[in-house]
Amino acid sequence: QVQLVESGGGLVQPGGSLRLSCTASGTIYSIYACGWYRQAPGKERELVASITSAGSTYYADSVKGRFTISRDNAKNTVYLQMNDLKPEDTAVYYCNANGITTLYRQFNGWGQGTQVTVSS
């Protein structure tokens, strides 16, 4: 019933910027919170940033001051602006959202992932 689609990944040089987008569609009544996760080869998936429907944000220490999460509730879209990218930011980035559907069902959805590669 709920599907998330990410876009905006790609190859960028160190110090560059990328903006990731994630749009949710389906029978959504309300989204409680959204988050961006990333997973590098051989490593566990980690939470990078999250935002609640009220606008409260969280950032992993490794990205504080460089990444900014935001959302457009009317468009059911969450963004991750990534500045001053470093090689260690290279990973597949996944969008997550949880909330409730119009049929009063809880959902916890994941996007398909988008590759971010930071290399010279």
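Read on for an overview of the structure. (Residues numbered from 1 in each chain as written. Predicted model: local features only at pLDDT ≥ 70, side-chain atom pairs only at ≥ 80, totals over all residues. Heavy atoms only, no water.)

This part is about unusual backbone geometry. If a residue is not glycine, its phi is most likely negative; likewise, a peptide bond is most likely trans. If you check the backbone angles, Asn 76 has positive phi at about 50 degrees while not being a glycine. Among the structural elements, Asn 76 can be located in the loop between strand 7 (67–72) and strand 8 (77–82). Even without glycine at this site, Tyr 104 takes up a positive phi of about 65 degrees. Tracing the backbone through its elements, the reader meets Tyr 104 in the loop between strand 9 (91–101) and strand 10 (106–110). (Helix = DSSP H or I, 4+ residues; strand = E, 2+ residues; numbered from the N terminus.)

This paragraph deals with the pattern of salt bridges. Taken as a whole and assessed by the stated rule, the structure comprises 4 salt bridges. One salt bridge connects Asp 61 with Lys 64, and the closest N-O pair in it is separated by 3.1 Å. Taken individually, Asp 61 and Lys 64 each receive the classification exposed, so the pair is uniform in this respect. (Salt bridge = Lys/Arg side-chain N within 4 Å of Asp/Glu carboxyl O. Buried < 20%, exposed > 50% of the residue type's maximum accessible area, 1.4 Å probe, protein only.)

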